[in-house]
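# Structural description and commentary
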Protein chains: 2
Amino acid sequence: MAYTVGEVARLAGITKRTLHHYDGIGLLRPSGRSAAGYRLYDHRDLERLQEVLFFRELGFSLDEIEEALTDPGDDRGEALRRQRGLLMRRIEHLQLMIAAIDKALKADKEGTTMADNDMFEVFGDFDPKRYESEVEARWSGPALDESKRRTSRYKKDEWRRAIAEMDDLSKAFAQLKLRGVPADSDEAMEAAERHRLHIDTWFYPCSREMHAGLGEMYVQDERFTAYWNGFAEDLAPYVRDAIVANAQR
Amino acid sequence: MAYTVGEVARLAGITKRTLHHYDGIGLLRPSGRSAAGYRLYDHRDLERLQEVLFFRELGFSLDEIEEALTDPGDDRGEALRRQRGLLMRRIEHLQLMIAAIDKALKADKEGTTMADNDMFEVFGDFDPKRYESEVEARWSGPALDESKRRTSRYKKDEWRRAIAEMDDLSKAFAQLKLRGVPADSDEAMEAAERHRLHIDTWFYPCSREMHAGLGEMYVQDERFTAYWNGFAEDLAPYVRDAIVANAQR
DNA sequence: GCTAGACCATGACGTAACGTAAGGGTCAAG
DNA sequence: CTTGACCCTTACGTTACGTCATGGTCTAGC
């Protein structure tokens with residue numbers, strides 16, 4: 001069945017003007033028009049509207065939403081999973097804000113003074129320039145545009161978490177190597193898989209094939225080699241081997 | 001010590017333009033100016049900026065933020081506690097959104113279709129006109145402006161929760177009365193106190209004095225009397241008595 | 001003292017995402 | 001046919017800054 005613009009507006013709790021606007025900019029075009037020129041929205045249109053509204057709730061601009069919903073490889077499930085991850089991270093961020101308020105309340109109650117830089121730790125986006133070399137050595141890869149698009153909205157705590165996760169992964173690889181675990185063993189391949197998922201989740205879609213290509217980069221590009229070998233001697237080729245083995249199983 | 005506009009901007013992760021704008025509209029005026037005309041912000045200014053940014057994070061307009069921070073009775077602790085409550089509720093709302101995504105993912109995976117009205121349940125604000133009589137009978141009171149201000153941003157799930165809480169409280173009063181518990185007993189007064197906190201939390205500051213005045217309204221205004229007596233015969237005077245007893249202990 | 005670079009000020013136009021309103025056509029029930 | 005609810009397109013306004021222009025201030029180094 002098809003809905004008119006007023007019906008959709010009431011259903012979704014938004015205004016007709018919003019729907020006109022989304023049609024006008026091509027974000028959400030009705031799949032049909034009546035003989036009188038009325039916009040007619042079908043079920044697939046509603047699904048797309050739902051996706052738009054989830055992203056909007058997360059603070060994405062309409063441009064960004066359109067880009068995010070235009071991913072060639074993405075189906076509805078992919079988009080929803082991505083949004084779920086973003087919502088989870090947003091909750092975590094809000095919990096950090098509550099912790100910040102509790103700190104401020106404690107200081108207020110005790111008549112002490114909160115450190116100035118501590119007061120604003122939970123506000124503002126991450127400034128990538130401050131971590132440029134760290135970002136590059138850990139995550140540079142073939143899908144730069146997508147990576148930038150995803151990360152442009154990460155908050156400070158999200159970046160810190162990504163860095164910490166990555167460092168844990170790197171340390172895990174180093175431990176495996178030091179223990180003499182073969183790079184094509186289950187254990188090493190599990191580490192490689194966790195590494196691949198980390199990139200896939202935080203930066204860009206990373207298939208096993210792409211991951212293998214990345215592993216080659218780790219031994220051929222000095223910046224990456226230096227990063228990995230900083231954890232253990234000759235770790236870069238070990239990681240590459242684990243990644244390649246993982247890609248082939 | 002005092003900070004210039006660039007220092008504050010860096011500290012807080014916002015732009016100088018934002019600080020100019022906030023000064024221009026009177027939302028956050030620097031407490032000082034150098035001989036050269038430079039804005040100078042002190043620690044109290046930073047505290048206010050923190051409060052502004054918390055409200056901004058919650059999606060309040062700048063007008064709303066200014067109003068919220070201009071409450072005569074509010075000190076810093078009060079404002080922070082209010083913001084904490086709002087953040088908690090926002091987290092709950094986001095969790096509902098995640099549940100909605102999980103539903104959509106399940107439907108997508110099973111190839112079924114989500115009901116159209118179910119798709120948008122988590123979006124949009126509450127439309128007060130749809131619950132006008134319910135709102136009025138339960139919560140009308142002396143601080144209408146403040147009540148409206150607070151509730152104007154409540155989401156559907158928040159309203160539903162407020163309604164459910166209120167109904168639970170009303171049922172509790174009815175149970176007490178039916179069991180023959182005196183209106184000035186500890187148990188009844190506890191119920192009155194919970195009622196007072198409910199209003200204080202959700203609608204407007206409600207001191208014990210104000211609560212007692214409200215109790216008188218419940219027996220004098222037919223709309224309220226009808227609401228309370230709908231739960232048990234002659235419940236309105238019972239509730240009034242419990243409230244008055246609570247106010248006097 | 002002069003220079004250069006980083007910082008500050010005010011003023012003003014532009015932008016994103018709608019909100020509001022105007023003028024007029026469509027649909028369905030009475 | 002009338003009326004009321006709905007639709008269309010067009011267009012100006014609003015909020016919260018972003019960007020830019022022009023020019024003054026501060027400090028370190030020469």
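Procedures and definitions
- Residues numbered from 1 in each chain as written.
- Chains lettered and ligands numbered in written order.
- Predicted model: local features only at pLDDT ≥ 70, side-chain atom pairs only at ≥ 80, totals over all residues.
- Heavy atoms only, no water.
- Axes fitted to C-alpha atoms, helices over the stretch in contact; angles between N-to-C directions.
- Helix = DSSP H or I, 4+ residues; strand = E, 2+ residues; numbered from the N terminus.
- Parallel < 35°, antiparallel > 145°, perpendicular 65-115°, else oblique.
- Left-handed = near helix turned anticlockwise from the far one by under 90°.
- Contact = heavy atoms within 4.5 Å.
- Nonpolar A, V, L, I, M, F, W, Y, C, P; charged D, E, K, R; others polar.
- Near = heavy atom within 4 Å.
- Polar contact = N/O pair within 3.5 Å; in protein donor to acceptor, adjacent residues only side chain to side chain.
- Least-squares fit on C-alpha atoms with pLDDT ≥ 70 in both.
- Salt bridge = Lys/Arg side-chain N within 4 Å of Asp/Glu carboxyl O.
- Buried < 20%, exposed > 50% of the residue type's maximum accessible area, 1.4 Å probe, protein only.
- Buried area = accessible area lost by both parts, 1.4 Å probe.
- Domains from an automatic or database assignment.
- Lys, Arg positive; Asp, Glu negative; His and termini not counted.
- Core = buried A, V, L, I, M, F, W, Y, C linked by side-chain atoms within 4.5 Å.

## Considerations on the packing of helix 3 (residues 43-57) of chain A against helix 5 (residues 76-110) of chain A
Residues and elements named next belong to chain A.
- At a minimum axis distance of 10 Å, the contact between helix 3 and helix 5 shows a crossing angle of 20°. Accordingly, the angle class assigned to the pair helix 3 and helix 5 is roughly parallel. Classified by chirality, the crossing of helix 5 by helix 3 is left-handed. Across from Arg44, Glu47, Gln50, Glu51, Phe54 and Phe55 in helix 3, the residues of helix 5 making contact are Arg76, Leu80, Arg82, Gln83 and Leu86.
- When its residues are assigned to classes, the contact of helix 3 with helix 5 shows four nonpolar, two polar and five charged.

## Things to note about the protein's contact with DNA strand D
- Taken together, 22 residues lie near DNA strand D, and Gly6 and Arg39 of chain A together with Thr15, Tyr22 and Leu62 of chain B sit nearest.
- What you see for DNA strand D is that sugar and phosphate hold 75% of its atoms within 4 Å of the protein.
- At a separation of 2.6 Å, a phosphate oxygen of DNA strand D approaches a polar backbone atom of leucine 62 of chain B.
- Put simply, the parts of the chain that give the surface near DNA strand D at least two residues each are helix 1 (5-12) and helix 2 (16-24) of chain A together with helix 2 (16-24) of chain B.
- In terms of residue class, the surface near DNA strand D is made up of six nonpolar, eight polar and eight charged.

## Brief notes about the relation of the copies chain B and chain A
- Note on the identical chains: chain B maps onto chain A by a rotation of 180° and an axial translation of 0.0 Å, with an RMSD of 0.2 Å. In short, the pair behaves as if placed about a two-fold rotation axis. Residue isoleucine 91 of chain B, judged by its C-alpha, is the member of chain B lying nearest the rotation axis, at 2.8 Å.
- Here 100% of the contact residues of chain B are again contact residues in chain A; the copies associate through an equivalent surface.

## Some thoughts on the pattern of salt bridges
Residue and element names in this part refer to chain A.
- This model, assessed by the stated rule, comprises 40 salt bridges over all chains.
- Across the pair glutamate 78 and arginine 81 runs a salt bridge whose closest N-O atoms are separated by 3.7 Å. Pair noted here: glutamate 78 and arginine 81 are both in helix 5, with a separation of three residues, about one helical turn.
- With a relative accessible area of 35%, glutamate 78 lands in the partly exposed category.

## Examining the interface of chain B and chain A
- With 43 residues of chain B in contact, the opposing surface of chain A contributes 43 residues.
- Taken together, both faces of the contact between chain B and chain A bury some 4,100 Å²; the carbon and sulfur share is 71%.
- When the buried area of chain B at its contact with chain A is split by residue, Glu57, Ile101 and Phe120 of chain B rank highest and sum to 16% of it.
- At the junction of chain B with chain A, the criterion picks out four salt bridges.
- One salt bridge connects arginine 90 of chain A with glutamate 57 of chain B, and the closest N-O pair in it is separated by 3.0 Å.
- There are 12 residue pairs in polar contact (both at pLDDT 80 or more) connecting chain B and chain A.

## Brief notes about the side chain of asparagine 246 of chain A
Residue and element names in this part refer to chain A.
- You can see asparagine 246 is positioned in helix 13 (residues 235-248).
- Of note is the side chain of asparagine 246, whose polar atom sits 3.0 Å from the side chain of arginine 249.
- Other than its neighbours up to four places away in sequence, asparagine 246 contacts Met189, Ala192, Glu193 and Arg208.

## With respect to the protein's contact with DNA strand C
- By nearness alone, 21 residues border DNA strand C, and Thr15, Tyr22 and Leu62 of chain A together with Gly6 and Arg39 of chain B come closest of all.
- At the protein interface, 72% of the atoms of DNA strand C within 4 Å belong to sugar or phosphate.
- Of all the secondary structure elements, the ones that give two or more residues to the surface near DNA strand C are helix 2 of chain A together with helix 1 (5-12) and helix 2 of chain B.
- Here the surface near DNA strand C takes four residues from helix 2 of chain A, the largest share from any one element.

## A closer look at the domain arrangement of chain A
Residues and elements named next belong to chain A.
- Considered domain by domain, chain A is made up of domain 1 (5-68), domain 2 (73-123) and domain 3 (126-248).
- At the junction of the two partners, domain 1 supplies nine residues and domain 2 supplies eight residues.
- Across the domain 1-domain 2 interface, the total number found is two salt bridges.
- For glutamate 51, the salt bridge identified is with arginine 76, shortest N-O distance 2.8 Å.
- Linking domain 1 with domain 2 are four residue pairs in polar contact (both at pLDDT 80 or more).
- Considering every element that reaches the side of domain 1 that touches domain 2, the biggest residue donor is helix 3, with six residues.
- Looking at the side of domain 1 that touches domain 2 residue by residue, the class counts come to five nonpolar, one polar and three charged.

## Quick look at the side chain of aspartate 45 of chain A
All names here are of chain A.
- The topology assignment puts aspartate 45 in helix 3.
- Notably, aspartate 45 is buried but unbridged: the nearest opposite-charge side chain belongs to arginine 44, and the N-O separation is 6.7 Å.
- Among the polar contacts made by the side chain of aspartate 45, one reaches the side chain of serine 31 at a distance of 2.8 Å.
- Ignoring any residue separated from it by four or fewer positions in sequence, one finds aspartate 45 in contact with Leu28, Arg29, Pro30, Ser31 and Leu40.

## Some remarks on the environment of tryptophan 139 of chain B
Residues and elements named next belong to chain B.
- Looking at the element boundaries, tryptophan 139 is found in helix 7 (residues 132-139).
- By relative accessible area, tryptophan 139 is classed as buried at 5%.
- Taking the C-alpha atoms as reference points, tryptophan 139 and tryptophan 202, separated by 63 residues in sequence, lie 9.7 Å from one another.

## Observations concerning the nonpolar core
- Leu19 and Leu49 of chain A together with Leu19, Leu49 and Phe120 of chain B are the most contacted members of the largest nonpolar core, which has 79 residues in total.
- Not counting residues within four places of it along the chain, the set of residues in contact with leucine 19 of chain B comprises Val5, Val8, Ala9, Ile14, Leu28, Tyr41 and Leu49 of chain B.

## Some words on the packing of helix 12 (residues 222-229) of chain B against helix 13 (residues 235-248) of chain B
Residue and element names in this part refer to chain B.
- Direction vectors running N to C along helix 12 and helix 13 enclose 100°, while the axes themselves pass 7 Å from each other. Taken as axis vectors, helix 12 and helix 13 run roughly perpendicular relative to one another. Mapping the contact onto sequence places Thr225, Trp228 and Asn229 in helix 12 and Leu235, Ala236, Pro237 and Val239 in helix 13.
- The class makeup of the residues in the contact of helix 12 with helix 13 is five nonpolar, two polar and no charged.

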